[in-house]
Amino acid sequence: MKKTATAEEKAKKIREGSWTDIFDNNITCFVLSFIIPFVVMLIALRTKDIRMLWFEDGKLSVNGNNQFLVVDLWHQYFPFFRVVREKLLTGGSFLYSWQNGMGTNFLSLIAYYAASPLNWISVFFKEEYAREALTYILAAKIGFCGSFFNCFLRYTFKRRDLSTVAFSVMFALCSYTLGYYWNVMWFDTIALFPLVMLGVAAMCREGKWKLYTVTLALSLISNYYIGFFTCIFTIFMFAASAIIDWQGIKTFFNRIWLIVRSSVIGIGLGGFILLPAYLALQLTYSANNTFPKEVQWAEKWQDIFANLLSYSPPTAKEGLPNLACGMLAITLLGVFLFSAGIKIREKIAAVLMMALIVVSCNMNQLNFIWHGFHVTNQLPYRYSFIFSFVLVAAAYRAYDIMTAKGIKLYQIPMLLIGPGALLYMCWLSDSKTEEGFSFSDVALRTSLIISGAYVLIFICMKFVPIRDKKLHRTILNIAVTAVVVTELSKNAVIGVETVGCSDYRSYPSYNTEVQTVMDRMEEKETSPFYRMEMTGTYTLNDSSLYGYHGLSQFSSSANVSVTRLFQRLGLYGSEAGNRYYYRTATPVANSILGVKYVMSKLGEMKCCSAFLEPAATEGSVYLYENKYPLSLGFMMDDAILDVKDNSGLNTFEYQNNIMQKASGIDVSLYYAQPVTGVTYNNVTINKSGYGDYSFTVENKDSKASAVYEYAGVNGGYLYGFVKGSGVDTINVENDGVGVESGITSKGYSIAYPMGDCQEGSTAAVTVNFEDDSDYGSFTLVTYCLNEENFKMVYDRLADEQFEITEFSDTEIKGNITANKSGVLYFSSPYEKGWSVYIDGEKAETFPVLQSMLGVKAEGGTHEITLKYSPDGFTAGLIVSGGALLLFVVFAFVDMKKKRRTAESAATEPEAETEEISAEAAEEDSEEESAVSDAENVETEAEPTETEENNEESEGNNCVSGD
């Protein structure tokens, strides 16, 4: 019978222990596994002069000229992060935001982009240091990847020495992290992934379910997209763990019940955010994806495996799967596969799981399933971090076997199998050049040198006589950890170099001037709600970045019906690109969409003076007020419901149609204008109808363009529209004076103003063709907006506007006087989450123009109230509440069972009681490790000398252990 050590005896043991005991501590391992990747990542970012709190000239200060905001982090993630921070500070609602997309379901948006609990840290930073806050939040997430993986290793392998730190750093700084770290919102769930898998292992081994349930819920709440990968892999992890830790058929079915029950509860706990997010996704373009019918292979197998090479640039946007996690994992792979001390079923399980990920990366149908039945736009193989997780765990299993009873001589040649196989794959790679490998010679040589260093360390530790086994293992762990940190630090620098950076001081552009002008605008305004937009896009979410109520949105939750409306109105919109945004617009579009102010950051506007008047200026920033604004809501004629979505109409004919139907006035606002002159430059153009052209470039080595001229019209203003393939940009001049330049048409259709020229003046449109287009077709039309007709229609609509008296994110109150029965139109995207009350009675809502919110209203004066709650939010709250209740009930039942078991044990004979107590004490001691870091009730064993010597025969495994 074992004697349990008292607290005093343990403290004395620690005081009298050797220096090696420093590393044999749960907290030390956990903290080091966090600090090392955290610091390495910050140092790597500093090599690109990323701005942060850092030491310079011996002093601690905020310095750096760059930021890590690139690609979508520039356009999406940081702007949304800024809105979250603002709402945390001001108490705004997380259910809805008016700062982008004309109003958007903010709960569904943050479910993917900004639900990280770590974002709350940003409130302790000033507004000007928000980007620095995000930098540290990113580094912390990567640190937690290491510390939580350390929990998994210590529970699985009953080890708590420095070796767990080295392998935790390998997972935290794998090539997936170093290539995709700029997708900051993914890494909460990636960090939690090892804890979820630890929960699966604990469930299969001991029947403990609470850690799995809680961490699964947190994973899905933090980011449902990466959480979906976690859910899929949980199935395979459970199967592997249940088979390896086989405890009989009865126990197996009990574990199935536990995993199903716990999964339902875990998913249910996140119902309040998952259900609204799911329903919101049904309004996006991604809901229309179809399953691939034929199997296609994306990459060459040898290229995929060769990408396990260290010191190679990771995939940052497009390329091979990010699978690499350090050469130590490759070096130990042979030991894992061929060591007799590891069970065959462990090897099969690990190999099958790694094969699953690799095949999924290469096979289009499996890849489609993994990505949520969706075709990704760049950033391929977003689940490939799972391969690194399994490979590092398998490598640690091999390391554990090698060090359990000392390194065996026959294991040394096994260390060469992995590097040798990788070298062969690099040689086979089809993308290699005549000069050598596609993967740089430097990377290959350095990787082999690092592998050689690991092999040399094992050889030295095999033959160096050190009698103290603990000291021997500690020295080995320190040497391995030092090489691992050295290798991955260089990889981190390469990753940061590959991802790139952007200039700190110019982001956001002209922000001081913009904020000054917006402050003046706010002082002037009397309405509690108004919209503003910018003539040039800096990001595709400028309204979120600068903090105003705008139209633009670029996000995966973009409402595709709004995108189509933008396209019909001649604004930028891309359905597949999940974006719609403002660049320039017609007076009709500005009025219909409720734009009251237009801002130009690059100087005075040279057009639209009849419709926009100067309101404020600061430096190069000019603010204009719309002379013909319409409120958030106004009355329309019932005929507006007859307007169909017709992509065949050009935007001016579409605008004519909706304004006639909305006002009930049968008059056209736009009239087509003929071309009065044309000049071709290095291009042959054929006309097939009004505004329809095809072109062929004559000399492919020279620029090609065409100039179309139109005569000005008294009492009218010219507007153009262009769409088609092969057109790059549009420039507009009035009598030789530039009006608009560089209007992008590449991949988009766009309407644009052509200046204020009247009769006797000439407007010229220069069409610049793409350099890489030899031929193509396009539509180019010009219409004249009749000012008198426009005013007549505007006056009719403006006479019945919704006057807002109270405004908040989720509730708006006001009054309207309708001259007759009709449709009360709101320039806010239609969602089922909106409820509209007319004089206290709930009205039926419906989409207007297939996208905007509308209700029927009778003639007369009415009190209007709009309330918003995301579709599915209430049901989701009920589901979450029910799941929480089930969690508490099952936890209480478990507690009662344990109490009854303890009471039953107390009635046994004294000798048996002592034996049971000793066993219970031993079990309690065994449960004091990694799991306790994640969940107080989960514990692990403190390894004894005997247990360490028996580890090889016991056969701990890389998936769940014994």
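Residues numbered from 1 in each chain as written. Predicted model: local features only at pLDDT ≥ 70, side-chain atom pairs only at ≥ 80, totals over all residues. Heavy atoms only, no water.

## Side note on the confidence of the model for the protein chain
Stage number 1. Within the protein chain, residue pLDDT values average 88, and 90% of them lie at 70 or more.
Stage number 2. Segment residues 432-438: pLDDT under 50, and 12 contacts once partners within four positions in sequence are set aside and those in other chains are kept. (pLDDT = per-residue confidence, 0-100. Contact = heavy atoms within 4.5 Å.)

## Some details on helix 6 (residues 162-172)
Stage number 1. Of all 11 residues in helix 6, 11 are buried, a share of seventy percent or more.
Stage number 2. Taken together, the buried positions of helix 6 are Leu 162, Ser 163, Thr 164, Val 165, Ala 166, Phe 167, Ser 168, Val 169, Met 170, Phe 171 and Ala 172. (Buried < 20%, exposed > 50% of the residue type's maximum accessible area, 1.4 Å probe, protein only. Helix = DSSP H or I, 4+ residues; strand = E, 2+ residues; numbered from the N terminus.)

## Things to note about helix 28 (residues 873-906)
Stage number 1. The end-to-end C-alpha distance of helix 28 is 49 Å, a good match for the 50 Å that 34 residues give at a rise of 1.5 Å each.
Stage number 2. Where helix 28 is concerned, the buried positions are Phe 873, Gly 876, Ser 880, Ala 883, Phe 887, Phe 890 and Asp 894.
Stage number 3. Where helix 28 is buried, its residues meet helix 4 (106-113), helix 9 (210-222), helix 11 (249-269) and helix 12 (271-281). (Expected span 1.5 Å × (residues − 1).)

## With respect to the sheet that holds strand 22 (residues 737-744)
Stage number 1. With antiparallel pairing, the five strands of this open sheet are ordered in space as 16-19-24-21-22. Strand pairing shows two members of the sheet lacking a second neighbour, strand 16 (677-681) and strand 22, which therefore form its edges. When strand polarity is set aside, the average angle formed by the axes of neighbouring strands in this sheet is 15°.
Stage number 2. In the sheet, strand 19 (residues 705-711) pairs with strand 24 (residues 762-769) via seven bridges, with the strands oriented antiparallel. What sits directly across from Val 707, in strand 24, is Thr 766. (Pairing = 2+ DSSP bridges. Axes fitted to C-alpha atoms, helices over the stretch in contact; angles between N-to-C directions.)

## Points about unusual backbone geometry
Stage number 1. Here the bond from Tyr 507 into Pro 508 is cis, since omega is -10°, no more than 30 degrees from zero.
Stage number 2. Relative to the helices and strands, Pro 508 is located in the loop between strand 6 (502-503) and helix 22 (511-524).
Stage number 3. One non-glycine residue, Leu 379, adopts positive backbone phi at about 50°.
Stage number 4. Note that Leu 379 resides in the loop between helix 16 (364-370) and helix 17 (385-404).
Stage number 5. Even without being glycine, Cys 608 reaches a positive phi, approximately 65°.
Stage number 6. Note on placement: Cys 608 falls in the loop between strand 11 (595-600) and strand 12 (612-618).

## Some details on the layout of surface pockets
Stage number 1. By volume, the second largest pocket amounts to about 1,300 Å³.
Stage number 2. In this structure, the second largest pocket is lined by 45 residues; those nearest its centre are Tyr 225, Leu 281, Ser 286, His 374 and Ser 556.
Stage number 3. A total of six residues in the lining of the second largest pocket trace back to one element, the largest contributor, which is helix 10 (residues 224-244).
Stage number 4. Grouping the constituent residues of the lining of the second largest pocket by class yields 26 nonpolar, 16 polar and three charged. (1 Å grid on protein atoms, 1.4 Å probe; cavity = no way out; pocket = protein on both sides within 12 Å on 5 of 7 lines; lining within 4 Å. Points joined across faces, edges and corners; volume = space filled by probe spheres on them. Nonpolar A, V, L, I, M, F, W, Y, C, P; charged D, E, K, R; others polar.)

## Observations regarding empty space enclosed by the protein
Stage number 1. For the structure on display, the rule yields six cavities of 30 Å³ or more.
Stage number 2. In this model, the largest cavity occupies a volume close to 130 Å³.
Stage number 3. Taken together, 17 residues form the lining of the largest cavity, with Ser 175, Leu 309, Ser 312, Ala 324 and Asn 491 sitting closest to its centre.
Stage number 4. Listing elements by their share of the lining of the largest cavity, those giving two or more residues are helix 7 (175-180) and helix 21 (469-499).
Stage number 5. Per-class residue counts for the lining of the largest cavity are 10 nonpolar, seven polar and no charged.

## Comments concerning the environment of Leu 134
Stage number 1. Along the polypeptide, Leu 134 turns up in helix 5 (residues 130-157).
Stage number 2. Judged by its relative accessible area of 3%, Leu 134 is buried.
Stage number 3. With 65 residues separating them in the primary sequence, Leu 134 and Leu 69 have C-alpha atoms 9.7 Å apart.
Stage number 4. Excluding its chain neighbours within four sequence positions, the residues that come into contact with Leu 134 are Phe 68, Leu 73, Phe 78, Phe 81 and Val 184.

## Some remarks on the packing of helix 9 against helix 11
Stage number 1. At a closest axis distance of 8 Å, the pairing of helix 9 and helix 11 adopts a crossing angle of 40°. Between helix 9 and helix 11 lies a crossing whose hand is right-handed. Residues Tyr 212, Thr 213, Leu 216, Ala 217, Leu 220 and Ile 221 of helix 9 form the contact with helix 11, whose participating residues are Ile 259, Ser 262, Ser 263, Ile 265, Gly 266, Ile 267 and Leu 269.
Stage number 2. Of the residues contributing to the contact of helix 9 with helix 11, the split by class is nine nonpolar, four polar and no charged. (Left-handed = near helix turned anticlockwise from the far one by under 90°.)

## As for the sheet that holds strand 12
Stage number 1. Taken together, four strands build an open sheet; the order of strands is 7-11-13-12 and the sheet is mixed. Lying at the two open borders of the sheet, with one neighbouring strand each, are strand 7 (531-534) and strand 12. The average undirected angle you get between the axes of adjacent strands in this sheet is 25°.
Stage number 2. Judged from the six bridges that link them, strand 12 and strand 13 (residues 621-626) form a sheet pairing that is antiparallel. Across the sheet, residue Glu 618 finds its bridge partner in strand 13, namely Val 621.

## Quick look at the pattern of salt bridges
Stage number 1. Summed over the entire model, instances satisfying the criterion amount to 24 salt bridges.
Stage number 2. As a salt-bridge pair, Arg 46 and Asp 49 come within 3.8 Å of each other at their nearest N and O atoms.
Stage number 3. Residue Arg 46 is classed as buried on the basis of its relative accessible area, which comes to 17%.
Stage number 4. Judged by relative accessible area, Asp 49 falls into the partly exposed class, the value being 24%.
Stage number 5. With a closest N to O distance of 3.9 Å, Glu 811 and Lys 813 form a salt bridge.
Stage number 6. Note on Glu 811: relative accessible area 30%, which makes it partly exposed.
Stage number 7. Take Lys 813: its relative accessible area is 31%, and that puts it in the partly exposed class.
Stage number 8. Here the salt bridges share partners, and the residues they tie into one network are Arg 159, Asp 161, Glu 346, Arg 397, Asp 400 and Arg 473. (Salt bridge = Lys/Arg side-chain N within 4 Å of Asp/Glu carboxyl O.)

## Describing the packing of aromatic side chains
Stage number 1. Applying the stated rule across the entire model yields 72 aromatic pairs.
Stage number 2. Both rings, one in Phe 802 and one in Phe 826, keep their centres 5.8 Å apart while their planes meet at 90°; by these two values the pair is edge-to-face. Of the two residues, Phe 802 sits in the loop between helix 27 (787-798) and strand 26 (803-807) while Phe 826 sits in strand 28 (residues 822-829), which places them 24 residues apart along the sequence.
Stage number 3. Classification of Phe 826 by relative accessible area gives buried; the value is 0%.
Stage number 4. Here the aromatic residues Phe 149, Phe 152, Phe 171, Tyr 176, Tyr 180, Trp 186, Phe 187, Phe 193, Phe 233, Phe 385 and Phe 389 are joined through ring pairs into a cluster of three or more.
Stage number 5. Between Arg 579 and the ring centre of Phe 554, over which it is positioned, the NZ or CZ distance is 4.2 Å.
Stage number 6. In this structure, Lys 867 packs its charged tip against the face of Tyr 837, placed 5.4 Å from the ring centre. (Phe/Tyr/Trp six-rings, centres within 6.5 Å; stacked < 30°, edge-to-face > 60°. Lys NZ or Arg CZ within 6 Å of the ring centre and 35° of its normal.)

## Looking at the nonpolar core
Stage number 1. Judged by nonpolar contacts, the single largest core of 194 residues is most densely connected at Phe 68, Phe 167, Tyr 181, Trp 186, Leu 332, Ile 386 and Phe 458.
Stage number 2. In terms of residue count, helix 5 provides more of this core than any other element does, 16 residues in total.
Stage number 3. If we skip the residues at most four places from it in the chain, Ile 386 touches Phe 193, Phe 229, Phe 233, Ile 357 and Trp 370.
Stage number 4. Counting 88 residues, the second largest nonpolar core, distinct from the first, contains Leu 551, Ala 585, Phe 695 and Val 767. (Core = buried A, V, L, I, M, F, W, Y, C linked by side-chain atoms within 4.5 Å.)

## A closer look at the packing of helix 9 against helix 28
Stage number 1. Direction vectors running N to C along helix 9 and helix 28 enclose 165°, while the axes themselves pass 12 Å from each other. On the basis of the axis angle, helix 9 is roughly antiparallel to helix 28. In the packing of helix 9 onto helix 28, the handedness of the crossing is left-handed. From helix 9, Lys 210, Thr 213 and Val 214 reach across to helix 28, where they touch Phe 887, Ala 891 and Asp 894.
Stage number 2. Taken together, the residues of the contact of helix 9 with helix 28 break down into three nonpolar, one polar and two charged. (Parallel < 35°, antiparallel > 145°, perpendicular 65-115°, else oblique.)

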